[in-house]
Amino acid sequence: MPLALLALAVGAFGIGTTEFVMMGLLPDVADDLHVSIPTAGHLVSAYALGVVIGAPLLAAVTARMSRRTVLISLMGLFVVGNALSALAPGYDSLLAARFLSGLPHGAFFGVGAVVATNLVAPERKARSVSLMFLGLTVANIAGVPVATLMGQHLGWRATFLGVSVIGLAAIASLALLIPRDHTHAPAVGLRRELAALRSLPVWLALGTTVAGFGALFSAYSYITPMLTDSAGYADSSVTLLLALFGVGATIGNLLGGRLADHAMRPTLFAGLTSLVVVLALFPLLMTTAWGGALAVVLLGVAAFVTGSPLNLMVMEKAAAGPSLASSANQAAFNMANAGGAWLGGLALAAGFGATSPAVVGAALAVLGLGVASVAYAVDRRRTTTTPTGRERIVATHVPQRAEAGVGH
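Overview of the structure. Treat the numbers as computed from the prediction; the structure is a model and nothing was measured.

**Here we look at unusual backbone geometry**
Now for step 1: With phi around 60 degrees, His 34 is a residue other than glycine that occupies positive phi space.
Now for step 2: Mapped onto the elements of the fold, His 34 is located in the loop between α1 (4-33) and α2 (37-40).
Now for step 3: Under the relative-accessibility criterion, His 34 is labelled exposed at 73%.

**Some words on empty space enclosed by the protein**
Now for step 1: Per the stated rule, a full pass over the model turns up 2 cavities of 30 Å³ or more.
Now for step 2: Put simply, the largest cavity is a space of about 290 Å³.
Now for step 3: Listed by contribution, the elements that provide at least two residues to the lining of the largest cavity are α1, α5 (91-118), α6 (125-154), α9 (200-220), α11 (238-262), α14 (307-317) and α15 (322-349).
Now for step 4: Here the residues of the lining of the largest cavity are counted per class, giving 12 nonpolar, 9 polar and 1 charged.

**As for the nonpolar core**
Now for step 1: Of all hydrophobic cores here, the largest spans 93 residues; its most connected members are Leu 8, Leu 216 and Phe 282.
Now for step 2: Phe 282 has contacts with Ile 223, Met 226, Ala 295, Leu 299, Thr 355 and Ala 358, leaving out every residue within four places of it along the chain.
Now for step 3: Met 22, Leu 26, Ala 147 and Phe 160 belong to the second largest nonpolar core, which has 16 residues in total.

**Side note on the environment of Ala 365**
Now for step 1: Within the element layout of this structure, Ala 365 appears in helix α16 (residues 356-381).
Now for step 2: Setting aside its immediate chain neighbours within four residues, Ala 365 contacts Ala 211, Ala 215, Leu 272, Leu 275 and Val 276.

**Considerations on the packing of aromatic side chains**
The relative placement of two aromatic rings is captured by the distance of their centres and the angle of their planes.
Now for step 1: All chains considered together, the criterion is met by 7 aromatic pairs.
Now for step 2: Between the aromatic rings of Phe 213 and Phe 304, the centroid separation amounts to 5.9 Å while the plane-to-plane angle is 90 degrees, which identifies the pairing as edge-to-face. Pair noted here: Phe 213 is in helix α9 and Phe 304 is in helix α13 (residues 289-305), with a separation of 91 residues, a long-range link.
Now for step 3: Relative accessible area serves as the criterion here: at 4%, Phe 213 is assigned to the buried category.
Now for step 4: An angle of 90 degrees between the planes, with centres 4.6 Å apart, marks the rings of Phe 213 and Phe 333 as edge-to-face. Highlighted residues: Phe 213 in helix α9 and Phe 333 in helix α15, separated in sequence by 120 residues. Residues Phe 213 and Phe 333 agree in their burial class; the two are buried.
Now for step 5: An aromatic cluster is present here, built from Phe 213, Tyr 220, Phe 245, Phe 304 and Phe 333 joined pairwise through their rings.

**Quick word on the packing of helix α3 (residues 42-61) against α5**
Now for step 1: Orientation of α3 relative to α5, taken along the N-to-C sense of each, is 40 degrees, at an axis distance of 6 Å. Considering the angle they form, α3 stands oblique to α5. Crossing angle aside, the handedness with which α3 passes α5 is right-handed. On α5, the residues touching His 42, Leu 43, Ala 46, Tyr 47, Leu 49, Gly 50, Val 51, Ile 53, Gly 54, Ala 55, Leu 58 and Ala 59 of α3 are Tyr 91, Leu 94, Leu 95, Arg 98, Phe 99, Ser 101, Gly 102, Leu 103, Pro 104, His 105, Gly 106 and Ala 107.
Now for step 2: For the contact of α3 with α5, the per-class residue count stands at 16 nonpolar, 7 polar and 1 charged.

Rules used throughout
Residues numbered from 1 in each chain as written. Predicted model: local features only at pLDDT ≥ 70, side-chain atom pairs only at ≥ 80, totals over all residues. Heavy atoms only, no water. Helix = DSSP H or I, 4+ residues; strand = E, 2+ residues; numbered from the N terminus. Buried < 20%, exposed > 50% of the residue type's maximum accessible area, 1.4 Å probe, protein only. 1 Å grid on protein atoms, 1.4 Å probe; cavity = no way out; pocket = protein on both sides within 12 Å on 5 of 7 lines; lining within 4 Å. Points joined across faces, edges and corners; volume = space filled by probe spheres on them. Nonpolar A, V, L, I, M, F, W, Y, C, P; charged D, E, K, R; others polar. Core = buried A, V, L, I, M, F, W, Y, C linked by side-chain atoms within 4.5 Å. Contact = heavy atoms within 4.5 Å. Phe/Tyr/Trp six-rings, centres within 6.5 Å; stacked < 30°, edge-to-face > 60°. Axes fitted to C-alpha atoms, helices over the stretch in contact; angles between N-to-C directions. Parallel < 35°, antiparallel > 145°, perpendicular 65-115°, else oblique. Left-handed = near helix turned anticlockwise from the far one by under 90°.

Put into structure tokens, the structure is as follows:
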């Protein structure tokens, strides 16, 4: 695997750290800015809104730019957003800075995934994507706990300054390691990128992302009360247990990337099925301390096995213009975050118990399986068999390798 993937992983590490660290800093931020914790929680929503808006918008605006230049520019915007967060004089300015920090998130992962797949041989595409996302999962193991401790001891502003430094390191890595000749602007431009989004298989892949990862966030958003109220853990143990989730996510991410290169769709179905099983078992597992810890790890593994095949599927279904579709998939991840958390919260508010969000998550994972099955059926209908018995896709498109100008 090329060293350029390390540069993408460093950027992903910084983005993952700033995305998730706010959850642990909410009490400190609320106290310092004299707002309530629910009001401070809007800072999380502002970041997610920035991701949803910025992912397709920035990918569209930069459609004809060199992808290397785009990645460096996006990371520069990320550094500015986090630096402004550290210097924000009040709540409103911090809210705006968090929105700005979220804008480059989706486009970075979307464009980065396309670059990653163009740097390797076709049989290693899923693994290349998983290695980029390795930075995101490792952020949950090391980046978020360290940044949270930094915020608690040095102040929350120090955390965002630290994240800005990570962003600067990512810019240097991208400039040094991303080869110029593999990241020329695609000849198809914005019109072909937009045309790719009109494809039904692309939207079915995006729908699978929303339902599948909505299942994860329905449970993960309320993992703390599950661990404390049901499994009996003390509040002080939660940070370590969340690091265990990061371990599971890292395992699932690497496993999913390797398996998807051999069998993309079976890996996706297996991941979604395992997610249904794990979430359905949450009410039972959360009755003991060891079961709660096991549930957290298994949730990370099951959810992130699906990550690489979902990203790869979206890019393949939009092969004529993958950058915008891949970025839209990152927006779909954040829609899943917001929607899953909302549905899980409804179950809690209705009084169904601390583990009820996991049951809601299991239902969402079943929905994801249903959408993935429809996508499979649509693909079968679009496939004809030639007299020689070889499959031929009826809908034509520009091959990704040719579009990127890269030969393997």
